[in-house]
Amino acid sequence: MDSDTIKPKLIIFNDDDNDKENDISNDIISFPQLPIIKDVTLDETIGQGAFGCVASAHSTKRPSIMFAIKFIHLPTIETQGLQKSDTFNEIKLHMKCSKHPNILQLIDCRMEDQFVCIFLELASGGDLFDKIEPDVGVDTEIAQFYFKQLVNAIFYLHDECGIAHRDIKPENILLDKDGNLKLADFGLASRFRRKDGTKKVSKDKRGSYPYMAPEILSSDLPLYYADVTDVWSIGILVFVLLTGEIPWEIPTREDNNFVNFIRNKGNLNLGPWAKIEFSHLNLLRKLLQPLPEQRVTINQLKLHPWYNKKIIFANSLGLCNNPGLLAQKLYSNLKVSLTDESYDLFTQNVPNHDNNNVSNFASTQPLNTDMVNIKHDSLTEDNILPNTQITAFSQYIPRTSIFSMDSQLATNDDDDRITKLEKWKNYINQDIAMLQFNPHSNMERYRSSKFNPIKLDKFYSIVDMYLLVSTLQKAFNVRNIVTKSNIVDTFATLVDEYGMDNVFPLNITIKTKDRMKSKLCGSINITQIDSDLKCLNFQRKSGDPLEWRRLFKDITLYCRDLIFMPNND
Ligand SMILES: Nc1ncnc2c1ncn2[C@@H]1O[C@H](COP(=O)(O)OP(=O)(O)OP(=O)(O)O)[C@@H](O)[C@H]1O
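Residues numbered from 1 in each chain as written. Predicted model: local features only at pLDDT ≥ 70, side-chain atom pairs only at ≥ 80, totals over all residues. Heavy atoms only, no water.

S.K.: When you look at helix 10 (residues 323–332) in this model, what are you seeing that I'm missing?
M.R.: Residue pairs three or four apart in sequence face the same way in an α-helix, which turns once every 3.6 residues. The buried count for helix 10 comes to eight of ten residues, which makes it a mostly enclosed element. Among the residues making up helix 10, those that are buried are Pro 323, Gly 324, Leu 325, Leu 326, Ala 327, Gln 328, Leu 330 and Tyr 331. (Buried < 20%, exposed > 50% of the residue type's maximum accessible area, 1.4 Å probe, protein only. Helix = DSSP H or I, 4+ residues; strand = E, 2+ residues; numbered from the N terminus.)

Written as structure tokens, this is what we have:
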């Protein structure tokens with residue numbers, strides 16, 4: 001009954017920007033089987049990167065010893081035009097700065113077949129970005145808590161190790177079982193200090209645009225200090241924590257939001273800036289100082305009231321001493337509104353819901369790179385995608401709500417079905433991800449469940465699969481995500497081939513662009529929990545995590561009548 005368990009496998013999208021072929025099958029690369037590592041048992045795939053995957057694992061002899069293994073497929077690195085030496089450099093730098101409580105520990109590294117296997121501390125609290133509500137952000141005390149931990153990590157990196165991280169962003173921040181911050185991914189890190197203590201100047205343009213300091217992009221031949229750019233990125237991260245939005249797409253003259261910021265010398269009271277309390281703007285103005293020589297230093301940050309604020313769930317070192325309270329505060333902001341108002345707002349611009357290819361959703365325009373496809377999980381291993389269209393199935397089944405289904409079942413006196421329904425409700429009531437759908441949830445439940453890596457981007461359903469898939473198809477259209485072929489037809493093909501009982505797990509792969517026109521890829525993994533009970537897990541592969549959750553919320557809102565709801569608590 002564990003819907004989150006996925007067998008380790010390697011399937012990735014090729015993030016090649018060319019998008020020549022409008023077929024997602026061309027974007028999926030299969031790797032050889034993961035290597036067998038002596039004395040190690042692999043548990044689950046917990047993440048996928050551009051060159052491999054990350055799996056949780058334990059020592060076969062001592063199962064209580066758990067860790068994560070990042071598998072990097074060396075031939076793939078080379079096909080992407082990168083060097084093996086980049087990977088080895090990343091490992092070397094990460095290894096050098098692994099001894100800080102807020103830096104993800106690199107334990108060991110081995111070569112197995114064509115894979116580099118990096119043994120990492122298991123960040124069992126999941127990703128920080130999963131806990132940031134788009135357009136809302138996190139509670140101020142949470143932002144201060146993570147700010148202090150990040151400053152501590154960066155201070156150690158700069159001061160003790162002479163290394164700049166150069167890719168600080170929520171995607172690279174993981175959490176441990178107590179919710180403490182673990183800075184990860186040293187792929188872009190570099191030494192900025194020489195052995196004699198003098199500082200090196202950096203010249204390359206590396207990083208993620210929204211988080212990059214302006215001096216990196218200011219000219220074709222930039223000259224900048226990498227440690228100073230880390231401070232800017234901390235500022236963007238604080239902004240994202242406080243607002244659930246990025247302030248600009250790229251800090252250059254081409255971006256109006258950035259231009260406005262510069263023109264007003266950081267004194268903005270517009271858009272997301274208006275959500276930030278006046279006293280917090282003071283910190284942001286120090287961090288987001290466009291002139292690097294005027295930017296606050298890491299040492300100065302340690303004197304700032306934000307750093308020295310007493311946090312009720314942290315000890316004097318800034319580490320969490322009450323994970324339950326932290327979890328409660330963190331998850332309380334994560335809500336999915338299923339109200340008529342939200343639904344109307346989302347659907348009002350749609351001329352015809354039954355038209356598979358027409359929509360004029362306001363925020364984006366259809367892109368010829370959009371692609372949604374559905375496939376049976378077993379097919380992905382061999383890089384085969386279903387391409388035969390057997391029957392045209394476009395039956396429209398009226399919306400059914402779980403409440404009407406309840407009463408229908410009761411009058412039919414179907415005792416067995418009612419027992420099942422109760423069993424399913426009990427099951428989903430255990431999943432605290434379901435609390436996000438209830439505006440009046442008892443947040444104490446988060447506290448009792450302690451801190452854990454729950455992925456919230458999911459919902460359950462017990463309706464007929466054809467209804468589910470056809471509604472998803474319409475939701476994509478409303479969201480202006482083009483589906484090349486009718487996914488209901490493809491689903492019918494799969495059912496013909498495997499039978500309904502064997503069609504799970506199903507993956508609906510999504511490749512689209514977000515509001516900023518950046519690539520957004522992931523999948524909806526549909527697993528069968530028990531006969532009719534299905535779980536739909538939205539798993540981001542690449543792109544902005546905030547945008548992925550926005551997409552999840554839109555699709556879920558459109559499917560609101562198909563969601564199997566827990567009992568109110
Ligand atoms: N040590 C770990 N513990 C728990 N989860 C992890 C760990 N390392 C990675 N993950 C999970 O795996 C996901 C992918 O990690 P990875 O570092 O491969 O991603 P990436 O940043 O996209 O990779 P890259 O940029 O190197 O291709 C993370 O977002 C996280 O969910």
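The rest of the description comes next.
S.K.: So what exactly am I meant to see when it comes to the site of the ligand here?
M.R.: Inspection of the region around the ligand gives 16 residues, with Ala 50, Lys 70, Glu 121, Ala 123 and Asp 127 positioned closest. Glu 121 is positioned with one of its backbone polar atoms (N or O) 2.8 Å from a nitrogen atom of the ligand. Broken down by element, the residue count for the shell around the ligand peaks at three residues, all from strand 3 (residues 40–48). (Near = heavy atom within 4 Å. Polar contact = N/O pair within 3.5 Å; in protein donor to acceptor, adjacent residues only side chain to side chain.)

S.K.: Is there a simple way to explain the sheet that holds strand 10 (residues 173–175) in this structure?
M.R.: Picture the strands of a sheet paired through backbone hydrogen bonds; they go either parallel or antiparallel. If you walk across this open sheet you meet the three strands as 8-10-11, and the pairing is antiparallel. Since the sheet does not close on itself, it has two edges, and those belong to strand 8 (126–127) and strand 11 (181–183), each with one partner. Summarising the sheet, strand 8 and strand 10 pair through two bridges and their orientation is antiparallel. Within the sheet, the bridge partner assigned to Asp 127 lies in strand 10 and is Leu 174. Packed onto the sheet, helix 3 (residues 140–161) meets strand 10 and strand 11 and runs at close to 35 degrees relative to strand 11. (Pairing = 2+ DSSP bridges. Contact = heavy atoms within 4.5 Å. Axes fitted to C-alpha atoms, helices over the stretch in contact; angles between N-to-C directions.)

S.K.: Just to check I follow, could you spell out the UniProt feature "domain: Protein kinase" (unreviewed entry) in the chain for this structure?
M.R.: Under the feature "domain: Protein kinase" (unreviewed entry), the UniProt entry names residues 40–307. End C-alpha to end C-alpha, residues 40–307 measures 41 Å, and it is 33% helix and 19% strand. (UniProt positions renumbered as here; feature names shortened; annotations may be inferred.)

S.K.: So what exactly am I meant to see when it comes to the environment of Leu 334 here?
M.R.: As for its placement among the helices and strands, Leu 334 is situated in the loop between helix 10 and helix 11 (340–347). Along the backbone, Leu 334 and Val 138 are 196 residues apart, and their C-alpha atoms lie at a distance of 8.8 Å. When sequence neighbours within four positions are dropped, the list of residues in contact with Leu 334 reads Asp 130, Lys 131, Ile 132, Glu 133, Gln 436, Leu 456 and Arg 549.

S.K.: What's the story with the packing of aromatic side chains in this structure? I'm lost.
M.R.: By the definition in use, this model includes 19 aromatic pairs. Here Phe 67 and Phe 119 contribute two aromatic rings whose centre-to-centre distance is 5.5 Å and whose plane-to-plane angle is 40 degrees, an arrangement assigned as tilted. Placement of the pair is Phe 67 in strand 5 (residues 66–73) and Phe 119 in strand 7 (residues 115–120), with a sequence separation of 52 residues. Accessibility assignment for this pair places Phe 67 and Phe 119 in one class, buried. Ring centres 6.4 Å apart and planes at 70 degrees place the aromatic pair Trp 232 and Phe 258 in the edge-to-face group. In this pair, Trp 232 is assigned in helix 5 (residues 226–243) and Phe 258 in helix 6 (residues 256–263), connecting sequence segments 26 residues apart. The exposure class assigned to Trp 232 is buried, which follows from its relative accessible area of 0%. According to the relative accessible area criterion, Phe 258 is buried, its value standing at 7%. Clustering of aromatic rings is evident, with ring pairs tying together Trp 232, Phe 239, Trp 248, Phe 258, Phe 261 and Trp 273. (Phe/Tyr/Trp six-rings, centres within 6.5 Å; stacked < 30°, edge-to-face > 60°.)

S.K.: Hey, could you run me through the sheet that holds strand 7 in this one?
M.R.: On the basis of which strands lie adjacent, the open sheet formed by five strands has the order 3-4-5-7-6 and antiparallel pairing. Taken across any chain shown, the strands that pair with only one partner, and hence form the sheet edges, are strand 3 and strand 6 (106–112). Each strand of the sheet is rotated relative to its neighbour by a mean of 25 degrees, with strand direction disregarded. The pairing of strand 6 with strand 7 spans six bridges and is antiparallel. Paired with Met 111 across the bridge in strand 7 is Val 116.

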